[in-house]
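# Reading the structure
The chain contents come next:
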Amino acid sequence: MEELKEVVKNLPNGKAPGLDGVCYEHVKIGGGTLLSNMLSLFNMIITEEKIPASFKIAIKIPIPKSHNAKNSGFDDHRGISLLPAFDKILQRIILNRIQSLPPTQIHSLQGAYQKEQDALTTAFMIDESIKSCCDEGDCVYACFVDIRKAFDKMWIDAMLYKLFHKAGIKGKCWRIIRSWYSNMSELVHINGAYSRIYNLRQGTRQGGILSPWLFLVYINDLIYELENTGWSLFLYNKHFGSPMFADDLTLLSRVKKSLDRLLCCLHNYAIKWRIELNINKTVIMVFGEKIISSIGSERTWLLGDSPLRESDTWKNLGKLWHADPDFTEVVRATMNKGFDVISKLSKLGCKAGGLNPK
């Protein structure tokens, strides 16, 4: 009971309910009777190792990734799953128990869903690694890789295999997670209307409490495989060559041929584990070249049989990357954004000297 009370006490407010309409706030004010019934239900689920069918029905809300994505295709939306509150509370209890065990070795270069790490720290690590090599007079060959619908298309059987054999999650806990990911279903809610209920046979739900950790387990061995090739970037005998943030992977190497081999390793991994790489959003950049000219147009890059384009600029992890070591274009873009904000404020009636920072 104390474990359940602690989880309920720390539930956030303002979260959307699942299909049953029950919010976290309902649970918080439900009192002792509700908690006692929840405890009995959860104990029965854990004993029987079966997740109720009602826990596995989600409402999927498609969220546009950008302002221009409202009327665009499937790939320009991110689906958020609204799950029943009781299901998410049980997921939190199971995750807390897993994390109290000896830790699974999530690679240090995986920055997503880790304590004291975010996209900014991952971008900073990439930036400092590149600068360190450039200061030594070396070029850095980088590939910014995008995994298409990484959460939605995750191979469930492979995730369960890695959970058992690589993360060491076995026995009752593994069987409960397997039950969670069996016979899942959802319906889409858009523009006030609901679709029919349909079955899901792949993916980890964006909105589930366990989902981020399960995705890390699923993708974790990719970074180890890239490191073990010995072809990526090392600084002071420490590997920095394949930092990853959720579904955004960056490959770094000092030599073009080594990056070619890393791309081959990535391609083979993607085929083996049914991962779809987004060629249109995967870009090569070269940092630290003494003369930036037409050299890039003479280089060829392949991911499997698909050609990759080389660019002087690319936006990734919230940062605009530029091959120019003086960052002239970055400064210019930042200034233009500032001027744009000032122009909009002026149209609202704000004048120079009229803004109060307090």
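These figures come from a predicted structure and were not determined experimentally.

## Some words on the overall build of the chain
- The number of helices and strands found in the chain is 11 helices and 16 strands.
- Here the chain holds 358 residues, and 44% of them are scored as buried.
- At a minimum sequence separation of 6, the contacts of the chain that also span at least 24 residues come to 71%.

## Structural notes on the sheet that holds strand β9 (residues 244-245)
- Taken in spatial order, the five strands make up an open sheet running β9-β10-β3-β11-β14, and their pairing is mixed. Two strands bound the open sheet, and with one partner strand each, they are β9 and β14 (309-310).
- One ladder, built from two bridges, connects strand β11 (residues 283-287) with β14; its direction is parallel. Considered in β14, the bridge of V283 is made with R309.
- Taken strand by strand, helix α9 (residues 256-272) contacts β3 (140-146), β10 (248-253) and β11, and its axis lies near 145° from that of β10.

## Here we look at the pairing of β10
- The element β10 is largely enclosed, with a buried count of five among its six residues.
- As judged from the six bridges shared by β3 and β10, these two strands associate in the antiparallel manner. Considered in β10, the bridge of F144 is made with T250.
- In this structure, β9 lies alongside β10, joined through two bridges in antiparallel fashion. By the bridge assignment for β10, M244 is matched with L249.
- Linking β9 back to β10 in an antiparallel pair, the connection comprises two residues, with A246 at a positive phi of about 55°.

## Describing the pairing of strand β15 (residues 313-316)
- Burial along β15 is one-sided: the face carrying W314 and N316 is buried and the face carrying T313 and K315 is not.
- Bridge count between β15 and strand β16 (residues 319-322): four bridges; the pairing is antiparallel. When the bridges of β16 are listed, T313 appears paired with H322.
- The loop that links β15 with its antiparallel partner β16 comprises two residues; one of these, L317, has a positive phi angle of about 55°.

## A look at a nonpolar patch on the surface
- Together, M335, F339 and I342 make up an exposed nonpolar region whose accessible area comes to about 320 Å².
- Structurally, M335 can be placed in helix α11 (residues 328-347).

## Quick word on the nonpolar core
- The biggest cluster of nonpolar side chains holds 92 residues, and the ones touching the most others in it are I89, L163 and L251.
- Both of domain 1 (1-105 + 154-208) and domain 2 (119-150 + 213-347) provide at least three residues apiece to this core.
- Once residues lying within four places of it in the same chain are set aside, the contact partners of L163 are G168, I169, W174, I177, W213, L214 and V217.

## A closer look at unusual backbone geometry
- Phi is positive for K149, which is not a glycine, with a value near 50°.
- Note on placement: K149 falls in the loop between β3 and α6 (156-165).

## Comments concerning the packing of aromatic side chains
- Counted under the stated rule, the structure contains nine aromatic pairs.
- Geometrically, the ring pair formed by F151 and F215 is stacked, given 4.4 Å between the ring centres and 25° between the ring planes. With F151 in the loop between β3 and α6 and F215 in helix α8 (residues 211-228), the pair connects residues that are 64 residues apart, well separated along the chain. Note on accessibility: F151 and F215 belong to one class, buried.
- When the centroid spacing of 6.4 Å and the interplanar angle of 50° are considered together, the rings of W155 and W273 count as tilted. Taken together, the residues span a long stretch of sequence, with W155 in the loop between β3 and α6 and W273 in the loop between α9 and β11 at a distance of 118 residues.
- On the basis of relative accessibility, which here comes to 23%, the residue W155 falls in the partly exposed class.

## Examining empty space enclosed by the protein
- Applying the stated criterion to the full structure yields three cavities of 30 Å³ or more.
- As for the largest cavity, its lining consists of F55, L83, D87, Q91, W180, Y181, M184, R205, G208, L210 and S211.
- Taken together, the residues that form the lining of the largest cavity break down as six nonpolar, three polar and two charged.
- For the second largest cavity, the calculated volume is near 70 Å³.
- What lines the second largest cavity is I147, R148, K149, A150, K153, M154, F215, Y218, R274, I275 and E276.
- Of the residues in the lining of the second largest cavity, the class split is six nonpolar, no polar and five charged.

## Topic: helix α4 (residues 85-99)
- When the terminal C-alpha atoms of α4 are compared, their 21 Å separation across 15 residues agrees well with the 21 Å that a helix rising 1.5 Å per residue should span.
- Across the 15 residues that make up α4, a large majority, 11, are buried.
- Buried within α4 we find A85, F86, D87, K88, I89, L90, Q91, I93, I94, L95 and I98.

Analysis parameters
- Residues numbered from 1 in each chain as written.
- Predicted model: local features only at pLDDT ≥ 70, side-chain atom pairs only at ≥ 80, totals over all residues.
- Heavy atoms only, no water.
- Helix = DSSP H or I, 4+ residues; strand = E, 2+ residues; numbered from the N terminus.
- Buried < 20%, exposed > 50% of the residue type's maximum accessible area, 1.4 Å probe, protein only.
- Contact = heavy atoms within 4.5 Å.
- Pairing = 2+ DSSP bridges.
- Axes fitted to C-alpha atoms, helices over the stretch in contact; angles between N-to-C directions.
- Patch = residues over 30% accessible without salt bridge, like charges linked within 9 Å, V, L, I, M, F, W, Y side chains within 5 Å.
- Areas by Shrake-Rupley, 256 points an atom, 1.4 Å probe, with all protein chains shown as cover.
- Salt bridge = Lys/Arg side-chain N within 4 Å of Asp/Glu carboxyl O.
- Core = buried A, V, L, I, M, F, W, Y, C linked by side-chain atoms within 4.5 Å.
- Domains from an automatic or database assignment.
- Phe/Tyr/Trp six-rings, centres within 6.5 Å; stacked < 30°, edge-to-face > 60°.
- 1 Å grid on protein atoms, 1.4 Å probe; cavity = no way out; pocket = protein on both sides within 12 Å on 5 of 7 lines; lining within 4 Å.
- Points joined across faces, edges and corners; volume = space filled by probe spheres on them.
- Nonpolar A, V, L, I, M, F, W, Y, C, P; charged D, E, K, R; others polar.
- Expected span 1.5 Å × (residues − 1).

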